[in-house]
2 protein chains.
Amino acid sequence: MMDFLSQCRGIVGDAYVLETPSDMAPFLTDQRGRFTGKALAVLRPGSVDQVAALVRACAAHRVAMVPQGGNTGLVLGSVPDISGAQVLLSLARLNSVRQVDAVNRTMTVDAGCILQHIQEAAAAEGCLFPLSLAAEGSCTIGGNLATNAGGTAVLRYGNTRELCLGLEVVMPQGEVWSGLRGLRKDNTGYDLRDLFIGAEGTLGIITGAVLKLYPQPKASITALAALPSPAHALQLLVLMQDYCGASLTGFELMSRYCLELVAEQFPSLPKPFAAPHPQYVLLELSSSESEQHAVGLLERTIGAALARDVIQDAVVASSVAQSAGLWQLREHIPLAQAKAGKNIKHDISLPVSRIADFVSATGPLLDAAFPGCQLVCFGHLGDGNLHYNVAPPPGISNEDFLLQQDKVNRVVYDSVESFGGSISAEHGIGALKRDELARYKSPVELNMMRAIKAALDPLGIMNPGKIL
Amino acid sequence: MMDFLSQCRGIVGDAYVLETPSDMAPFLTDQRGRFTGKALAVLRPGSVDQVAALVRACAAHRVAMVPQGGNTGLVLGSVPDISGAQVLLSLARLNSVRQVDAVNRTMTVDAGCILQHIQEAAAAEGCLFPLSLAAEGSCTIGGNLATNAGGTAVLRYGNTRELCLGLEVVMPQGEVWSGLRGLRKDNTGYDLRDLFIGAEGTLGIITGAVLKLYPQPKASITALAALPSPAHALQLLVLMQDYCGASLTGFELMSRYCLELVAEQFPSLPKPFAAPHPQYVLLELSSSESEQHAVGLLERTIGAALARDVIQDAVVASSVAQSAGLWQLREHIPLAQAKAGKNIKHDISLPVSRIADFVSATGPLLDAAFPGCQLVCFGHLGDGNLHYNVAPPPGISNEDFLLQQDKVNRVVYDSVESFGGSISAEHGIGALKRDELARYKSPVELNMMRAIKAALDPLGIMNPGKIL
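Quick caveat: nothing in here was measured; it's all calculated off a predicted structure.

(A) Looking closely at the overall build of chain A. Secondary structure summary: chain A contains 16 helices and 18 strands in total. Taken over the C-alpha trace, chain A has a radius of gyration of 23 Å; the compact-globule value for 468 residues is 23 Å, and the two agree within 12%. Taken along its principal axes, the extent of the C-alpha atoms in chain A is 70 × 55 × 45 Å. Within chain A, the fraction of its 468 residues that count as buried is 59%.

Structure (structure tokens):
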């Protein structure tokens, strides 16, 4: 292995091969601090050619690689195992915006670009890159692509997959696939791009991408609606899509308990309603025309929803600051949860039409198994994506409750499966949900995935132990 | 082989194994009448189980299969070769709409459903299935998926790929992959769905799909703009996207020569302008609000385009009939071409920003090589997709000109490649463009495709000779 490491130093320079525990430490623990792996070394290439040369060296020495961007993943996909035999390959130094083409509405970027910088570079050209999520200040686009990240704008603009037109990938044997095409239509053979998107670095290392841009909306307006039940939230969604079409750019469900938790942990945040309601929906409308257009459309839609008793009440933000305040309520739910104590998290999705039934069915199952447990249920209702988190019953310690994690997961995931849902909506599988994937996917599908993995990575050195 | 065929008869019944030349004939010639293959038999299964049983029989006897839907493909992808050793497997009897879920905005269909029936079934539930193309009255959704069909609504709604959430596929060894998920977010392993979409039946046989539906727009309005050049058409596109966002649902470029050809061959169609213009753009705006909203937005946008000298003139359709008349001009271009004689067709795409430069550069190259040849250039400009067809110079017969096809292709495709474009935007590769694919794709990309083909279809019996 000394031979291998000296080869790596020859490729990237001594300064970019980290080997001491303290140098490596920041790369080896996951975002939530639940797991710390070991690495033979942390490699920090500065160019695509260097990535390719490192991968060739790894292939020659049969050294397994773990690609890492901003290390903000939630499923232990970007940290090495505890063997100390894997190298961590950080893409963070590949952080240039290579080109913005405002007429083609595309942008070509290095994988290590931070999402927020990409959003800013697009805005500087009068365009919108719509991907938006909590970690945007530190996650990288390579990681977003490798996990097919979701976020709050999926309802209108799709997942990261739908925002990518082309990729550059270093393959497991070190060849570079230059697929950086900026085309809206290209039916020339198999869709390799979408195979790498969401593969969590197990089929190759994404080093660059061509992203789709959109025109900047002229105005966005936010409102908070209060409703009696998730079933009413579904009615509201259908009504709003019919009235507003693509102008509906956000639709986030939050239960009463979620906002009570936020109010308790962050008392300085706004409290939009005098009395509590069972459910809330945070709405966002955007207009390509004007603020006046967005306001008029929102008022008509909310009027119709009130007239039909779909909603009980609504608060419309009358300023950018008020709008930000409403979004803060939504964004503070995970923070409030963390302050209140540990809980068992599930990032699930369902057919939108089944959400109310899922919520009605699953709560009682959990309550029967864990009497008094608290549900923190919120999420991107327009995409069928719930963050369905379970907090301990009063009197049970966090530690004791976490011992029940497998049992809690079983109740939730079995119910998800029975409603035709997914056990990982937007976070991916990583090492964390690998066993769950093996449990819930059909053998036909698992075998296809294994066949593809073996075909593209016959040595099994690309992020092994993740997904499969 | 008698053994094999009697096994097939046992699976689907005698009536659905066609063996006489006259019974098989309708399945063996391609849509444009350029090629007629031979088949051992035409198999017409009536259920997914029957498809799977037939595929197992084929695998056991090493018989190659050619899946076929409506047989409207343009690249010889759905007809067998001339060996007479392949079976044609028609999906046309699998033609049920299994389910429409208006709240989830999805529809589950058999692969053999005709596109127009799907559009109608969606409309009956107040929803829109936006895929729309010339063959919609006879093409099937299975074929649309297998070729990732494009059409006129891609600008707003994407290709068939973007309109599909889940698939059911019979694999090359006869297992059924049940991936009929109706989820907007599902990050559980490799994206197998998108691997089958666009694979032209070479990796498995699509038997069912979950499709995305959209709310029906309340109104659509059409206009025809006249412009000096393709560069102005790009300016108009940017301006309209900025003003109209997702309300812009159609943007079709047509050259003066295209409309002259239509006027000559179909003199009863409308002639919107008194004097000719170098280029035209057919625009469509749709509103989720009202006709009044669509009209106001279109008038503002056209006013701005006139004020900035982006367009020279415009005609706005003031009725549904007028709107249909404008679309007829566009739809009659291929028909007018066919009546006027043969020509050499290219279905190409480019980065939108490069289209004007491509057109300026390629015309002179063709004129230098084939003096006096006529360009019939039209297409989905908003997607960067041109139908770039070359008709013979005056005095040269169709037959003589077609002998030059390879040379014409070389000029066009080399130019497409130099501008970062694609040699097949929406029609696919099939058998027709297989050699061109081998010429223009990188060895890295071809090798990946071959590795995936070998991994999923190790016997090589799934539509061999297509794509690779």
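(B) Summary view of the domain arrangement of chain A. Residue and element names in this part refer to chain A. Partitioning chain A into domains gives domain 1 (2-90), domain 2 (97-215), domain 3 (219-325) and domain 4 (347-427). Taking only C-alpha atoms, the centre of domain 3 and the centre of domain 4 are 24 Å apart. Listed as interface residues are 13 residues of domain 3 and, on the opposing side, 15 residues of domain 4. It is Leu234, Leu253 and Tyr257 that lose the most area in domain 3 upon contact with domain 4, and together they represent 46% of the buried surface on that side. Remark: the boundary between domain 3 and domain 4 carries 4 residue pairs in polar contact (both at pLDDT 80 or more).

(C) How the structure looks around the environment of Ala199(A). With respect to the helices, strands and loops of the structure, Ala199(A) is situated in the loop between α7 (192-196) and β10 (205-212). Between the C-alpha atoms of Ala199(A) and Gly379(A), which are 180 residues apart in sequence, the distance is 24 Å. Setting aside anything within four residues of it in sequence, one finds Ala199(A) in contact with Ala146(A), Ile467(A) and Tyr190(B).

(D) Structural view of the sheet that holds strand β5 (residues 97-101) of chain A. Residues and elements named next belong to chain A. Across the sheet, 5 strands lie side by side as β5-β6-β10-β8-β9; this open sheet has antiparallel pairing. Across the chains shown, the open sheet's two edge strands, defined by having one partner strand only, are β5 and β9 (176-179). Here the average twist between neighbouring strands, direction ignored, is 10°. Note that strand β6 (residues 106-110) and β10 share 5 bridges and pair antiparallel. Bridge pairing in β10 places threonine 106 opposite lysine 212. Across the sheet, helix α3 (residues 48-61) is in contact with β5, β8 (164-170), β9 and β10; its angle to β8 comes to roughly 50°.

(E) Up close: the relation of the copies chain B and chain A. For the pair chain B and chain A, the relating rotation is 180°, the translation along its axis is 0.0 Å, and the fit reaches an RMSD of 0.0 Å. Such a combination of turn and shift is consistent with a two-fold rotation axis. Taken together, the interface assignments show that 100% of the residues at the interface of chain B recur at the interface of chain A, consistent with an identical surface on both copies.

(F) Representation of the interface of chain B and chain A within the structure. Listed by partner, the interface residues are 82 residues for chain B and 82 residues for chain A. When chain B packs against chain A, close to 6,500 Å² is buried across both sides, 56% of that on carbon and sulfur atoms. Taken as a group, Lys185(B), Asn187(B) and Tyr190(B) account for 16% of the area that chain B buries against chain A, more than any other trio of residues on that side. A salt bridge links Glu289(A) to Arg300(B), with the shortest nitrogen-to-oxygen separation between them at 3.0 Å. Breaking the side of chain B that touches chain A down by element, the ones donating at least two residues are α6 (154-157), β9 (176-179), α7 (192-196), α8 (230-244), α10 (291-307) and α16 (443-456) of chain B.

(G) Empty space enclosed by the protein, seen in detail. Residues and elements named next belong to chain B. Throughout the structure, instances matching the rule amount to 2 cavities of 30 Å³ or more. Taken as a whole, the second largest cavity encloses approximately 40 Å³ of empty space. What lines the second largest cavity is simply Gly151, Thr152, Val154, Leu155, Thr249, Gly250, Phe251, Glu252, His380, Leu381, Gly382 and Asp383. Elements with a contribution of two residues or more to the lining of the second largest cavity: α6 and β13 (248-255). The leading source of residues in the lining of the second largest cavity is β13, at 4 residues. The class makeup of the residues in the lining of the second largest cavity is 4 nonpolar, 6 polar and 2 charged.

(H) Geometry of the nonpolar core. With 92 residues, the main nonpolar core has Phe129(A), Leu167(A), Phe129(B) and Leu167(B) as its most contacted residues. Those residues in contact with Phe129(B) that lie beyond four places of it in its chain are Leu115(B), Ile118(B), Gln119(B), Ala122(B), Ile141(B), Leu163(B), Leu211(B), Lys212(B) and Leu213(B).

(I) Looking closely at the sheet that holds strand β1 (residues 17-18) of chain B. Residue and element names in this part refer to chain B. Across the sheet, which stays open at both edges, the 4 strands sit in the order β1-β2-β4-β3 with mixed pairing between neighbours. Each edge of the open sheet carries a strand with a single partner, namely β1 and β3 (65-68). With 4 bridges connecting them, β3 and strand β4 (residues 87-90) associate as parallel partners. Within the sheet, the bridge partner assigned to proline 67 lies in β4 and is leucine 89.

(J) Broad picture of the pairing of β10(A). All names here are of chain A. For β10, the tally of buried residues reaches 8 of 8 residues, placing the bulk of the element in the interior. Relative to β10, β8 runs antiparallel, the two sharing 6 bridges. Counterpart to cysteine 164 in the pairing with β10 is leucine 211.

(K) Region of interest: the state of the cysteines. Residue and element names in this part refer to chain B. For the structure on display, the rule yields 0 disulfides over all chains. Looking at the unpaired cysteine 113, the closest cysteine sulfur is the one in cysteine 139, lying at 11 Å. On the basis of relative accessible area, cysteine 139 is assigned to the buried category, the value being 2%.

(L) The pattern of salt bridges, seen in detail. Per the counting criterion, the structure on display carries 36 salt bridges over all chains. The salt bridge partner of Arg34(A) is Asp30(A), with a shortest N-O separation of 3.2 Å. Accessibility expressed as a relative area gives 40% for Arg34(A), which makes it partly exposed. Take Asp30(A): its relative accessible area is 5%, and that puts it in the buried class. Here Arg181(A) and Asp186(A) are joined by a salt bridge, their closest N and O atoms 3.2 Å apart. According to the relative accessible area criterion, Asp186(A) is partly exposed, its value standing at 24%. The network of salt bridges with shared partners includes Arg161(A), Arg193(A), Asp194(A) and Asp191(B).

So, how was this worked out
Residues numbered from 1 in each chain as written. Chains lettered and ligands numbered in written order. Predicted model: local features only at pLDDT ≥ 70, side-chain atom pairs only at ≥ 80, totals over all residues. Heavy atoms only, no water. Helix = DSSP H or I, 4+ residues; strand = E, 2+ residues; numbered from the N terminus. Rg over C-alpha atoms; globule rule 2.2 N^0.38 Å. Buried < 20%, exposed > 50% of the residue type's maximum accessible area, 1.4 Å probe, protein only. Domains from an automatic or database assignment. Contact = heavy atoms within 4.5 Å. Buried area = accessible area lost by both parts, 1.4 Å probe. Polar contact = N/O pair within 3.5 Å; in protein donor to acceptor, adjacent residues only side chain to side chain. Pairing = 2+ DSSP bridges. Axes fitted to C-alpha atoms, helices over the stretch in contact; angles between N-to-C directions. Least-squares fit on C-alpha atoms with pLDDT ≥ 70 in both. Salt bridge = Lys/Arg side-chain N within 4 Å of Asp/Glu carboxyl O. 1 Å grid on protein atoms, 1.4 Å probe; cavity = no way out; pocket = protein on both sides within 12 Å on 5 of 7 lines; lining within 4 Å. Points joined across faces, edges and corners; volume = space filled by probe spheres on them. Nonpolar A, V, L, I, M, F, W, Y, C, P; charged D, E, K, R; others polar. Core = buried A, V, L, I, M, F, W, Y, C linked by side-chain atoms within 4.5 Å. Disulfide = S-S within 2.5 Å.

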